[in-house]
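Inside the fold
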Amino acid sequence: MMSRLLQRKRLLFILPAILSTAFVKAQPIPPQDSVLSGFRYAYPVHSISLNIQGQALKMAYMDVPAQRPNGKTVMLLHGKNFCGAYWDSTAADLSRNGYRVIIPDQIGFGKSSKPRQLQYSFQLLAQNTKAILDSLQITSTAVLGHSMGGMLAVRFALMYPDITEKLILENPIGLEDWKVKVPYQSIDKWCQSELQQNYDKIRKYQMENYYAGKWSPAYDKWAQLLASWTKGPDYPLIAWNAALTYDMIFTQPVYYEFEQIQAPTLLIIGQRDRTALGKAAAPEALRKTLGNYPELGKRAARRIPHARLVPLEGVGHLPHIEAYPRFISALLNFLKQD
């Protein structure tokens, strides 16, 4: 009798999670075109025109006004598997605290153009990003970059130290130089891998690598957004751009220039993160040493002048999604410091 009672209690405990997962998977994922025409961002989307390598391209961005302006701006740079839309909560809180918020979609991502061919570089993305600021006559900003956006934020700060008031790196990739440890993978191979993606694979990767095997309906919005591209007619073009940007990340480290950063810097590092590009291709013994964010964060903080480290225990690659209250508290405290 006691065993049956325990089984019933256990079933009542896990049933909501089972039903939630089943509900999420049952939802149809509408196909999206290359610029996410059918997906609405939290704030109005604007764009600037760019002529790059003989191509007329559009770069999308959001410009969120401060509710009670303090005269300061924060620019949010998205990661590789995301777009500016996932900064919605961060932008809302920054706006409430007096900051104007600029949120670009880099070329090749989100609602921005997906070129047929482009020689991607972090320098190019930094120039494009500055073009948005120039168009808005913004001459000073704090720069926050997550994941790949962290690499871009570092490059931006190095190229434009007079514009970069403060630098915030949230679980940035590029805290180690993978190309000296991991076998090189061609752009064609990256593209073939991207073309095999679907919702189940995306969700599995994110659950295992971002969220420690746990899933929440709050996470699913971003997995579904990526999956919507795989169902659309433009996916080969999107996969090709993804491959080109993987090559950019792998071959263009910012790792060797941390000592040259001039801006006061905050590192917000989820301690459970083990992200490393190309890790699966590395020998098993080496694979276990890659992406050790607790140690990588400490090393980066020692090398970057005027750096402060905020470790977030029990948090993975996405603090501003997984542990938002701790993330936004650390961010606002840093921004308010003189």
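Anything mentioned here points back to the structure above.
Procedures and definitions
- Residues numbered from 1 in each chain as written.
- Predicted model: local features only at pLDDT ≥ 70, side-chain atom pairs only at ≥ 80, totals over all residues.
- Heavy atoms only, no water.
- Helix = DSSP H or I, 4+ residues; strand = E, 2+ residues; numbered from the N terminus.
- Rg over C-alpha atoms; globule rule 2.2 N^0.38 Å.
- Buried < 20%, exposed > 50% of the residue type's maximum accessible area, 1.4 Å probe, protein only.
- Contact = heavy atoms within 4.5 Å.
- Areas by Shrake-Rupley, 256 points an atom, 1.4 Å probe, with all protein chains shown as cover.
- Lys, Arg positive; Asp, Glu negative; His and termini not counted.
- Charge placed at Lys NZ, Arg CZ, Asp CG, Glu CD.
- Arc of directions from axis to C-beta.
- Polar contact = N/O pair within 3.5 Å; in protein donor to acceptor, adjacent residues only side chain to side chain.
- Pairing = 2+ DSSP bridges.
- Axes fitted to C-alpha atoms, helices over the stretch in contact; angles between N-to-C directions.
- Left-handed = near helix turned anticlockwise from the far one by under 90°.
- Nonpolar A, V, L, I, M, F, W, Y, C, P; charged D, E, K, R; others polar.
- Phe/Tyr/Trp six-rings, centres within 6.5 Å; stacked < 30°, edge-to-face > 60°.
- Lys NZ or Arg CZ within 6 Å of the ring centre and 35° of its normal.

**Some points on the overall build of the chain**
- In terms of helices and strands, the chain carries 12 helices and eight strands.
- The globule rule puts the C-alpha radius of gyration for 338 residues at 20 Å, and the 20 Å found for the chain is close to it.
- Taking the principal axes of its C-alpha atoms as reference, the chain extends roughly 70 × 45 × 45 Å.
- Taken over 338 residues, the chain has a buried fraction of 55%.
- Pairs at least 24 residues apart make up 79% of the contacts formed inside the chain by residues separated by at least 6 positions.
- Entry remark: accessible area of the chain is about 15,700 Å², with carbon and sulfur atoms responsible for 53%.
- Charged side chains of the chain number 39 positive and 26 negative; the gap between the two group centres comes to 7 Å.

**Some words on helix H6 (residues 199–209)**
- Along H6, the residues classified as buried are Tyr199, Ile202, Arg203, Gln206 and Met207. Take H6 and look down its axis: the buried residues cluster within an arc of 125°, on one side only.
- With a side-chain oxygen lying 3.1 Å from the backbone nitrogen of Asp200, the N-terminal cap of H6 falls on Asn198.

**Some words on the sheet that holds strand S4 (residues 99–104)**
- Taken in spatial order, the eight strands make up an open sheet running S1-S2-S4-S3-S5-S6-S7-S8, and their pairing is mixed. Looking at which strands have only one partner, the edges of the open sheet turn out to be strand S1 (45–52) and strand S8 (307–312). On average, each strand axis in the sheet is inclined to that of its neighbour by 20°, with strand direction left out of account.
- Judged from the eight bridges that link them, S1 and strand S2 (residues 55–64) form a sheet pairing that is antiparallel. Paired with Leu50 across the two strands is Leu57, which belongs to S2.
- Along the sheet, helix H2 (residues 88–96) makes contact with S2, strand S3 (72–77) and S4, crossing S4 at roughly 155°.

**Section: the packing of H6 against helix H7 (residues 217–230)**
- For the pair H6 and H7, the least separation of the axes is 9 Å and the interaxial angle reads 145°. With respect to the hand of their crossing, H6 and H7 are arranged in right-handed fashion. Residues Tyr199, Ile202, Arg203 and Gln206 of H6 form the contact with H7, whose participating residues are Tyr219, Asp220, Ala223, Gln224, Leu226, Ala227 and Thr230.
- A per-class count over the contact of H6 with H7 returns six nonpolar, three polar and two charged.

**Examining the environment of Asn81**
- Relative to the helices and strands, Asn81 resides in the loop between S3 and H2.
- Considered as a pair, Asn81 and Ser147 are 66 residues apart in the sequence and their alpha carbons are 9.0 Å apart.
- In contact with Asn81, other than residues within four places in its own chain, are Tyr205, Tyr210, Leu226 and Tyr246.
- For Asn81, the side chain forms a polar contact with the side chain of Tyr210, separated by 3.1 Å.

**Here we look at the packing of aromatic side chains**
- Applying the stated rule across the entire model yields 16 aromatic pairs.
- Ring centres of Phe156 and Tyr160 lie 5.0 Å apart, and the angle between their planes is 55°; on these two criteria the pair is classed as tilted.
- Each ring, one from Tyr211 and one from Trp215, has its centre 5.7 Å from the other, and the planes form 75°; the classification is edge-to-face. A single burial state applies to Tyr211 and to Trp215, both of which are buried.
- In this structure an aromatic cluster arises from ring pairing among Phe82, Tyr86, Trp87, Tyr205, Tyr210, Tyr211, Trp215, Tyr219 and Trp222.
- Looking at Lys111, its charged tip hangs above the ring of Tyr41, at a distance of 5.0 Å from the centre.

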